[in-house]
Amino acid sequence: MKTYLTTSTAAILALSVALPANAEISERTIRIANGVAEDHPVGDGVAAMTECINEATDNAWTINAFWSSALGDDLQSAQSLRSGTLEMVVSSTSPLVAIEPALGVFDLPFLISDEAEADALLDGEFGQFMADMMPEHNLVNLAYWENGFRNLSNSLRPVASLEDFTGMRVRVMQNNIFLDTFQTLGTNATPMAFGEVFTALETGAIDAQENPYVTIDTSRFYEVQDFVSNTRHAYTPFMVLFSKPIFDRYSEQEQQILSDCAIVGRDVQREASRSLSDQSLQRIIDAGLEVNDISEDAMAEIRDAVAGVYDRNADSIGADVVERVMTELAAIRGQ
Ligand code: TK8
């Protein structure tokens, strides 16, 4: 990690040295909104991005990160970006379907099977294709960071088969595809903003939620849940979004610094996400939760049950987008 930072810092320095002495860098303040807690891997990504920006701008910019939905939830923050009243948000793609329905493609159950696939898809042509949809919504996607593979936690029982989902009151993200998936699995699914989940679990208004281990850990859901099941039913990317009205007022050099440093942050963030995942799982176990894997047979049954979600939501996502992701994934898988 250290070596990487040093290398990328050197690259940024080389970039600024090659340009006339910082003539195009003004003083800026960037507020970054986040739903997660500061000890989430997004914190590592923001720290690396900030360090990169400080070097590249010679400390001309002030970066203020806000955690745990302090500036509003993902969707509210993204709306603030669009109107130019907030600079940046690191948001799951899922709540953003309200802005760009095609982003729902990432919510299709069991679409991405491992991290290498996720990286190839998001950092390749398909990721660019999706990012190119954002400027028309007054948003600029600087990079894809990682939220990760989602797992179900609940207060009722281990989920080891399709039947175990039945009747469970599950919070889902505000997203029609997640809603369809969890209704199809037989749960009583309720869309809810992330910031309300802890209290809803604590008061028993809901039984269950689903998020990657690092989020279950850093948002302390283990305090109000008893079971975690390794469902890996979806991989959620984070978009590192910047306000286009504000971005457009930056010089080209400043825009380049933002893009480059978001990529520096990405690599640190993903690495932190992956190395923290096992530690988070261990903390969840140490907190006394029962964690279970699901047998291959039961998993096959669960996958079959939700297969229809693809066709039912192809129109809202865009059939061409679904086809494109499938083609790209087939290529990545060497099929
Ligand atoms: C954090 C969210 C969250 C997401 C969710 O802002 O809502 O469940 O997975 O981690 O983006």
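Residues numbered from 1 in each chain as written. Predicted model: local features only at pLDDT ≥ 70, side-chain atom pairs only at ≥ 80, totals over all residues. Heavy atoms only, no water.

Details of the domain arrangement of the protein chain
- Segmenting the protein chain into domains produces domain 1 (2-104 + 111-147 + 237-279) and domain 2 (151-234 + 289-332).
- Averaged C-alpha coordinates put domain 1 and domain 2 at centres separated by 26 Å.
- Contact residues are listed per partner, giving 28 residues for domain 1 and 26 residues for domain 2.
- Summed over the three residues of domain 1 that lose the most area to domain 2, namely Leu111, Phe126 and Phe129, the buried surface amounts to 22% of that side. (Domains from an automatic or database assignment. Contact = heavy atoms within 4.5 Å. Buried area = accessible area lost by both parts, 1.4 Å probe.)

Things to note about empty space enclosed by the protein
- Taken as a whole and assessed by the stated rule, the structure comprises 2 cavities of 30 Å³ or more.
- Contributing to the lining of the largest cavity are 20 residues, with Gly35, Asp74, Ser92, Pro95 and Phe194 lying nearest its centre.
- Mapped onto the lining of the largest cavity, the elements with two or more residues apiece are helix H3 (74-82) and strand E3 (88-92).
- Class assignment for the residues of the lining of the largest cavity results in 8 nonpolar, 8 polar and 4 charged. (1 Å grid on protein atoms, 1.4 Å probe; cavity = no way out; pocket = protein on both sides within 12 Å on 5 of 7 lines; lining within 4 Å. Points joined across faces, edges and corners; volume = space filled by probe spheres on them. Helix = DSSP H or I, 4+ residues; strand = E, 2+ residues; numbered from the N terminus. Nonpolar A, V, L, I, M, F, W, Y, C, P; charged D, E, K, R; others polar.)

Side note on the packing of helix H12 (residues 308-317) against helix H13 (residues 319-332)
- Where H12 meets H13, the axes come as close as 6 Å, and the angle between the chain directions of the two elements is 115 degrees. In contact with Tyr310, Ala314 and Ile317 of H12, H13 contributes Ala319, Val321, Val322 and Met326.
- Partitioned by chemical class, the residues of the contact of H12 with H13 number 7 nonpolar, no polar and no charged. (Axes fitted to C-alpha atoms, helices over the stretch in contact; angles between N-to-C directions.)

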